[in-house]
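Chain by chain, the residues run as shown.
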2 protein chains.
Amino acid sequence: MNAKQSVPSGPHQRNWGAATPPANRIGPSLEPDRNGGDGPAGTFDVAIARRVLRQIGSPPLELILPGGQSVTANGTPPQCRIVIRDRGIYWRLLLDPLYHFAEGYASGRIDVEGDLLTPLRVVNEYMSIPSADRPRWFRGRPRSRRNANTLSGSRENIHRHYDLGNAFYRLWLDERMLYTCAYYREPSMTLEQAQVAKMDHVCRKLQLQPGEQVIEAGCGWGGLALHMARQYGVHVRAYNISAEQVRYARELARQEGLDDRVEFVEDDWRNITGTCDAFVSVGMLEHVGIENYPALGETIHRVLAPNGRGLIHTIGRNYPLQLDRWIERKIFPGAAPPTLSEMMGIFEGQDFSVLDVENLRLHYAVTLMDWFNRYEQNVDAVREMFDENFVRTWRLYLASSIAAFEYGWLQLFQVVFAPGASNNNPWTRDYQYRDDDVPRGAVWERLRHERTR
Amino acid sequence: MNAKQSVPSGPHQRNWGAATPPANRIGPSLEPDRNGGDGPAGTFDVAIARRVLRQIGSPPLELILPGGQSVTANGTPPQCRIVIRDRGIYWRLLLDPLYHFAEGYASGRIDVEGDLLTPLRVVNEYMSIPSADRPRWFRGRPRSRRNANTLSGSRENIHRHYDLGNAFYRLWLDERMLYTCAYYREPSMTLEQAQVAKMDHVCRKLQLQPGEQVIEAGCGWGGLALHMARQYGVHVRAYNISAEQVRYARELARQEGLDDRVEFVEDDWRNITGTCDAFVSVGMLEHVGIENYPALGETIHRVLAPNGRGLIHTIGRNYPLQLDRWIERKIFPGAAPPTLSEMMGIFEGQDFSVLDVENLRLHYAVTLMDWFNRYEQNVDAVREMFDENFVRTWRLYLASSIAAFEYGWLQLFQVVFAPGASNNNPWTRDYQYRDDDVPRGAVWERLRHERTR
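Each residue is numbered by its place in its chain's sequence as written, counting from 1. Starting at A for chains and at 1 for ligands, labels are handed out in the order in which the entities are written. Local features in a predicted model are, by the rule used here, given only for residues with pLDDT of at least 70; side-chain atom pairs are given and counted only at 80 or more, and totals for whole chains, interfaces and linings are based on all residues. Remark: hydrogens and water are excluded; side-chain values derive from all non-hydrogen atoms of the structure.

Caption draft 1: Structural context of the pattern of salt bridges. Here a salt bridge means any side-chain nitrogen of Lys or Arg lying within 4 Å of a carboxyl oxygen belonging to Asp or Glu. Here the structure, examined in full by the defined rule, presents 48 salt bridges over all chains. As a salt-bridge pair, B:Arg429 and A:Asp356 come within 2.7 Å of each other at their nearest N and O atoms. Here B:Arg429 is found in the loop between β11 (411–419) and α16 (444–451), whereas its partner A:Asp356 is found in strand β10 (residues 352–359) on a different chain. One network of salt bridges, in which partners are shared, links A:Lys205, A:Asp356, A:Glu358, A:Arg429, B:Lys205, B:Asp356, B:Glu358 and B:Arg429. Per the convention used, a helix needs a DSSP run of H or I reaching at least four residues, while a strand needs a run of E reaching at least two, with both numbered from the N terminus.

Right, dumping it as structure tokens:
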């Protein structure tokens with residue numbers, strides 16, 4: 001669901017779809033609307049469907065058309081069946097198959113028989129990079145003016161996603177409400193354990209020492225800030241522009257008696273003040289906007305001590321590509337995952353030295369599997385909070401994100417950096433791995449099967 | 001010695017300086033030429049010297065002018081004394097202080113009292129990034145047409161450095177003739193041990209399995225290719241355009257009985273053919289030329305298996321900056337250390353996924369200290385092979401490189417990558433550190449003192 005390039009300009013859609021919930025919900029057996037039938041019109045419909053399949057790389061899918069016809073891509077036995085119930089959405093698939101599949105799925109006009117993840121995987125596997133995008137790394141990328149991350153634009157963009165209500169996120173995140181890639185240091189870890197391991201991995205990379213000052217940019221519900229203060233004895237000033245998250249985090253700090261060491265500031269990263277020994281940002285950069293990276297670099301340069309360390313953890317790309325149009329419109333307005341060369345816009349204007357980059361892509365696939373499974377377990381509670389369009393929108397977002405990380409459309413970069421003149425850095429990286437008794441090797445296949453049976 | 005931006009066009013200087021060796025060599029006591037004296041001309045000389053010092057950041061140096069006057073930068077007690085013996089070179093310092101210091105030192109018209117490293121360190125510490133270079137990362141960098149790395153240009157550039165004679169390099173490299181940054185996994189390691197540790201670090205990162213096919217681009221004297229075949233049981237095809245190095249490497253392979261598993265090909269990376277499970281290049285990228293990175297990415301894409309791995313090890317920069325003009329002219333024609341964003345030109349046009357970046361900058365400082373110390377121990381043997389200008393040129397190159405890595409003007413990047421669709425990658429990076437009992441922590445200061453008393 002990630003290969004779309006151009007983000008057409010258009011009005012915001014702030015509510016979660018105007019469509020009323022569909023009459024029938026997903027069930028084991030789906031009876032497509034038989035109107036339309038065969039004959040010349042039916043033959044034309046089939047030709048359209050074949051063309052749609054070719055547009056997305058001829059994946060092994062079976063489409064059941066509104067007229068009841070079954071269409072598959074040539075030469076590929078289908079792995080799953082997609083039922084298109086509505087002629088209106090069917091025609092729109094021609095214009096932008098992935099966007100209107102998502103819209104059709106969200107509104108119930110398109111359904112998937114059985115497992116939702118299978119067709120998403122198949123599409124992510126067969127889809128190729130649009131040729132227009134291919135060798136564009138050196139030319140930069142076109143920028144959307146919609147949902148731009150100005151001071152006020154960022155507030156609006158963040159509000160639309162992160163202020164959906166803490167109760168909603170509590171249904172499927174871990175108990176500490178970390179909404180970023182976990183680190184399954186041992187493959188058997190639960191989501192809770194892997195989120196703690198992620199925080200410890202970040203803290204080790206930052207080599208936090210008791211009494212040090214940390215600035216965190218984009219602190220979510222405060223999980224990492226509180227962990228750093230509690231487990232590593234540091235002082236933290238944590239910034240966030242989501243009002244709901246900041247309120248929640250402050251309350252947690254009070255309950256834990258950490259409010260003398262952790263300060264939550266409801267403000268933009270551009271307004272960060274003070275100085276710090278460590279600068280950390282986990283899962284904010286996606287929302288900063290690539291054009292603002294030099295300004296972020298200036299901000300970090302302004303606050304970070306000469307012997308300080310920094311870490312930025314972000315979703316990324318192997319090559320420049322806009323965020324999937326549907327995800328950008330319905331889930332993450334204004335978001336843009338950068339390539340590493342784009343990320344360097346933060347560092348290379350300031351004589352920061354990049355010390356260490358780690359790509360944890362498949363850890364995010366597993367994290368999303370854990371979120372998705374919890375979401376499905378608690379879907380009735382989601383349904384009590386939101387309409388069915390919302391329920392299906394978020395199911396599709398989580399499932400398609402699993403597939404995107406699994407098939408390499410998205411990456412997860414942790415970048416450790418320091419001022420260029422600092423020699424106060426670890427001699428080797430084994431400090432990140434000491435005192436552990438960790439099972440080794442490529443465990444991806446096992447995890448993949450365990451978590452997505 | 002690294003902050004120069006523009007490389008003026010001009011004829012090659014193939015021999016090591018036309019100047020005859022100076023009458024008197026470096027000794028513990030230096031008597032400057034007293035001609036010029038005081039008076040109006042002397043006062044003017046002093047003003048010039050002050051200006052030269054300001055141009056390079058007012059470092060704490062004492063300059064002894066050809067007229068015998070002593071000049072220091074205001075407010076900084078000097079840490080060492082530089083004696084300028086010749087009025088011609090003295091005037092040229094105004095035009096380009098670092099270039100003409102180097103030229104003057106090489107020809108003996110400038111001398112340093114005591115330790116050569118001290119003034120180089122002081123200059124590297126005080127020098128600031130030329131403001132014209134500062135925020136240029138987004139505009140790219142100007143490219144020199146001199147010493148361009150075309151097929152024939154590369155051959156010429158490589159010949160000028162690497163074909164100086166194997167006997168010369170044997171005087172100061174380790175026994176395996178590795179002419180790239182070592183990895184002092186344990187700080188107590190000798191150069192020999194650290195070069196083996198570097199090769200093992202590279203091989204671990206590549207996860208070499210017995211029977212696999214490896215392609216190496218730029219193999220030097222064959223040390224890594226032979227190590228991979230011997231210790232990891234792989235087949236290697238190794239490319240190099242230095243005729244002297246290839247001849248040496250082939251002879252080693254024959255002596256070791258590895259010539260059935262290691263093939264040395266005297267050809268350019270652009271002409272690499274075949275397929276491989278692992279692609280490795282250690283210390284070649286500096287000579288490729290940034291404009292050729294997309295072509296290098298295409299070459300790797302062409303030969304690397306879908307589940308393959310790759311590693312590129314190179315000197316780099318924190319921000320785009322031409323190689324020091326003197327080093328580019330006298331030592332490494334056509335060389336250019338890239339920033340990480342520039343390096344991404346290899347990967348981001350091909351859907352390669354960058355898995356891991358490690359910066360081993362200070363390991364290169366230590367490596368150079370070991371080389372420098374051996375060079376000085378064997379300087380009489382060098383003197384039998386080359387003239388005094390050569391002896392002093394290479395002494396200055398090694399010493400100034402120590403300072404450049406020590407003060408962050410140069411970096412050392414190891415980048416591990418894989419095809420974007422491959423999930424055949426390690427789950428965590430602890431595999432790089434297992435089975436080791438390695439002393440931890442920041443050991444830089446200790447090493448720095450141990451190796452450069």
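Caption draft 2: Spatial organisation of the interface of chain A and chain B. The criterion used for residue contact is that any of the two residues' heavy atoms lie within 4.5 Å. Listed as interface residues are 56 residues of chain A and, on the opposing side, 56 residues of chain B. For the chain A and chain B pair, buried surface summed over both sides reaches about 4800 Å², with 51% attributable to carbon and sulfur atoms. Between chain A and chain B we count four salt bridges in total. The shortest N-O distance in the salt bridge between B:Glu358 and A:Arg429 comes to 3.7 Å. Pairs of N or O atoms are called polar contacts if they sit within 3.5 Å, as long as, within protein, a hydrogen donor faces a hydrogen acceptor (for residues adjacent in sequence, only side-chain-to-side-chain pairs). In this assembly, chain A and chain B are joined by 37 residue pairs in polar contact (both at pLDDT 80 or more). When residues of the side of chain A that touches chain B are traced back to their parent elements, those giving at least two are α12 (340–347), β10, α13 (361–377), β11 (411–419) and α16 (444–451) of chain A. In terms of residue count, β10(A) provides more of the side of chain A that touches chain B than any other element does, eight residues in total. Reported buried area values correspond to the accessible surface (1.4 Å probe) lost by two parts on association, with both partners' losses combined.

Caption draft 3: Inspection of the relation of the copies chain A and chain B at higher detail. Superposition record for chain A on chain B: RMSD 0.0 Å, screw rotation 180°, translation along axis 0.0 Å. The superposition of one copy onto the other is thereby described by a two-fold rotation axis. Among all C-alpha atoms of chain A, that of A:Ser341 lies closest to the rotation axis, at 2.0 Å. Mapped onto chain B, 100% of the interface residues of chain A are again interface residues, and the two copies thus contact each other with one and the same surface. The superposition of copies rests on a least-squares fit of C-alpha positions from residues with pLDDT of 70 or more in both.

Caption draft 4: The side chain of B:His313, seen in detail. Residues and elements named next belong to chain B. You can see His313 is positioned in strand β9 (residues 304–316). The buried category is assigned to His313, whose relative accessible area is 1%. Separated by 3.0 Å, the side chains of His313 and Gln414 make a polar contact. Each residue touching His313, except ones within four places of it in the same chain, is listed here: Thr180, Cys181, Lys198, Ser281, Val282, Gly283, Met284, Glu286, Leu412, Phe413 and Gln414. In this scheme, a residue with accessible area under 20% of its type's maximum is buried, one over 50% is exposed, and one in between is partly exposed, where area comes from a 1.4 Å probe on protein chains only.

Caption draft 5: Main features of the environment of B:Ala225. Residues and elements named next belong to chain B. Within the secondary structure, Ala225 sits in helix α8 (residues 223–232). The class for Ala225 is buried, based on a relative accessible area of 0%. C-alpha separation for the pair Ala225 and Asp380, spaced 155 residues apart in sequence, amounts to 32 Å. With near-sequence residues (within four places) excluded, Ala225 lies in contact with Glu216, Val236, Ala238, Val262 and Phe264.

Caption draft 6: A look at the packing of aromatic side chains. Each Phe, Tyr or Trp ring, with Trp reduced to its six-membered ring, pairs with another whose centre is within 6.5 Å; inter-plane angles below 30 degrees give stacked pairs, above 60 give edge-to-face pairs, and intermediate values give tilted ones. One pass over the structure, following the stated rule, counts 55 aromatic pairs over all chains. Summarising the aromatic geometry, the rings of A:Phe168 and A:Trp172 are spaced 5.9 Å apart at their centres and angled 65° between planes, so their arrangement reads as edge-to-face. Judged by relative accessible area, which is 1%, A:Phe168 ranks as buried. Between B:Arg325 and the ring centre of B:Tyr99, over which it is positioned, the NZ or CZ distance is 3.8 Å. Only lysine NZ and arginine CZ atoms are considered, and such an atom sits over a ring when it is within 6 Å of the ring centre and within 35 degrees of the ring normal.

Caption draft 7: Examining the nonpolar core more closely. For the purposes of this section, nonpolar cores are sets of buried Ala, Val, Leu, Ile, Met, Phe, Trp, Tyr and Cys residues that join through side-chain atoms within 4.5 Å. A:Trp172, A:Tyr179, A:Trp394, B:Trp172, B:Tyr179 and B:Trp394 are the most contacted members of the largest nonpolar core, which totals 178 residues. Ignoring any residue separated from it by four or fewer positions in sequence, one finds A:Tyr179 in contact with A:His161, A:Tyr162, A:Tyr169, A:Trp172, A:Leu173, A:Trp221, A:Phe332, A:Tyr364, A:Trp371, A:Trp394 and A:Tyr397. Among the nonpolar cores identified, the runner-up in size contains 60 residues, and A:Leu304, A:Val357, B:Leu285 and B:Val303 belong to it.

Caption draft 8: Local environment of the pairing of β9(B). Residue and element names in this part refer to chain B. The buried count for β9 comes to ten of 13 residues, which makes it a mostly enclosed element. Every crossover in which the path from the first strand over the helix to the second runs clockwise, viewed with the strands pointing away from the viewer, is termed right-handed. Taking the sense of rotation as the criterion, the β-α-β connection linking strand β8 (residues 276–282), helix α10 (residues 293–303) and β9 turns out right-handed. Bridging between β9 and β11 involves seven bridges; their strand directions are antiparallel. In the sheet register, Ile315 faces β11, and the bridge partner there is Leu412. For two strands to be treated as a pair, DSSP must find at least two bridges joining them.

Caption draft 9: Structural view of the sheet that holds strand β2 (residues 70–72) of chain B. All names here are of chain B. Read across the open sheet, the four strands follow the order β2-β1-β3-β4; overall the sheet is mixed. If you trace the sheet from one side to the other, it starts and ends with β2 and β4 (110–112), each paired once. Recorded for the sheet is a direction-independent mean angle of 25° between the axes of neighbouring strands. Where strand β3 (residues 80–84) meets β4, three bridges bridge the pair, whose relative direction is antiparallel. Its bridge partner lying in β4, Ile82 is registered against Val112. Angles shown run from 0 to 180 degrees and are taken between the N-to-C directions of axes, each axis being a line fitted to C-alpha atoms and, for helices, limited to the stretch in contact. With respect to the sheet, helix α3 (residues 97–107) is in contact with β3 and β4, its orientation differing from that of β4 by roughly 85°.

Caption draft 10: Structural detail: the sheet that holds strand β2 (residues 70–72) of chain A. Residue and element names in this part refer to chain A. The sheet built from four strands is open, its strands ordered β2-β1-β3-β4 with mixed pairing. In this open sheet, the two strands that pair with only one neighbour each are β2 and β4 (110–112). Taking the axes of each pair of neighbouring strands and ignoring which way they run, one obtains an average angle of 25° across the sheet. On top of the sheet, helix α3 (residues 97–107) reaches β3 (80–84) and β4; it is set at about 85° to β4, its chief contact.

Caption draft 11: Here's a closer look at helix α15 (residues 388–406) of chain A. Look at α15(A): 27 Å from first C-alpha to last across 19 residues, which is about the 27 Å you get at 1.5 Å a residue. Two or three places before A:Asn389, at the start of α15(A), stands the capping residue A:Asp387, its side-chain oxygen 3.2 Å from that residue's backbone nitrogen. In a helix, the anticipated span is given by 1.5 Å times the number of residues less one.

Caption draft 12: Up close: the domain arrangement of chain A. Residues and elements named next belong to chain A. The source of the domain bounds is an automatic or database domain assignment. Domain boundaries assigned for chain A yield domain 1 (39–133) and domain 2 (151–451). Once you take the C-alpha centre of each, domain 1 and domain 2 turn out to be 34 Å apart. Each partner contributes to the interface: domain 1 provides 21 residues, whereas domain 2 provides 23 residues. Counting each side, the surface lost to burial between domain 1 and domain 2 is near 2000 Å², with a carbon and sulfur contribution of 61%. When the buried area of domain 1 at its contact with domain 2 is split by residue, Tyr99, Arg121 and Asn124 rank highest and sum to 31% of it. There are four salt bridges connecting domain 1 and domain 2. Between Arg392 and Asp111 there is a salt bridge; the shortest N-O distance is 2.7 Å. If you look at where domain 1 meets domain 2, you find nine residue pairs in polar contact (both at pLDDT 80 or more).

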